[in-house]
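# Close look at the chain arrangement
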Amino acid sequence: MRQAGTYSGILSGGISGKTGPHLLPLARIKKIMKKSGDDVKMISGESPIVFSKACELFIKELTQRSWSVTMQGKRRTLNKEDVAAAVMATDLFDFLVNLVSESGEATTPLEMDTFKSS
């Protein structure tokens, strides 16, 4: 039987999405989830909460790896190149390589069309 883990504390704030320690806007996450495909019709109240925590963990991990690159360069300001270097050095972030690579078509988030308009 599965035991309560890390995510059980996430849901303890309630399913309304208005309570609990959420750093990212749940309404925006739900909107992105709905735009992810035509097959996605209904999303439970708990799903954006889990996605919010997953995004927080992702941002934390990428920031820590980017900061390591910054420190190796003996600097105190994290910049785009540090993030790019962290992405390139980590297999886990391979899905971001086109976003940060110099030779890729889409090099900035504004240039990259992640959702197709209907």
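Structure report, in brief. (Residues numbered from 1 in each chain as written. Predicted model: local features only at pLDDT ≥ 70, side-chain atom pairs only at ≥ 80, totals over all residues. Heavy atoms only, no water.)

### Concerning the pattern of salt bridges
Applying the stated rule across the entire model yields 3 salt bridges. The closest approach of N and O atoms between E56 and K53, which form a salt bridge, is 3.9 Å. You can see E56 and its partner K53 sitting in helix α2 (residues 47-72), 3 residues apart, about one turn around the helix. With relative accessibility at 26%, the residue K53 sits in the partly exposed group. The closest approach of N and O atoms between D82 and R75, which form a salt bridge, is 2.6 Å. (Salt bridge = Lys/Arg side-chain N within 4 Å of Asp/Glu carboxyl O. Helix = DSSP H or I, 4+ residues; strand = E, 2+ residues; numbered from the N terminus. Buried < 20%, exposed > 50% of the residue type's maximum accessible area, 1.4 Å probe, protein only.)

### Looking at α2
End to end, α2 covers 38 Å across 26 residues, agreeing with the expected 38 Å (1.5 Å per residue, within 8%). Listed in full, the buried residues belonging to α2 are P48, I49, S52, E56, L62, S66 and T70. Those residues of α2 hidden inside the fold are in contact with α1 (26-35) and α3 (80-89). K74 sits one or two positions beyond α2 and adopts a positive phi of about 55°. (Expected span 1.5 Å × (residues − 1). Contact = heavy atoms within 4.5 Å.)

### What to know about the nonpolar core
It is characteristic of soluble globular proteins that their nonpolar side chains tend to be buried jointly. Listed in full, the 8 residues of the largest apolar core are L62, A84, A86, V87, F93, L96, L99 and V100. Of all the secondary structure elements, the ones that give two or more residues to this core are α3 and α4 (97-100). Formed by 5 residues, the second largest nonpolar core is a distinct cluster that contains I29, M33, I43 and I49. (Core = buried A, V, L, I, M, F, W, Y, C linked by side-chain atoms within 4.5 Å.)

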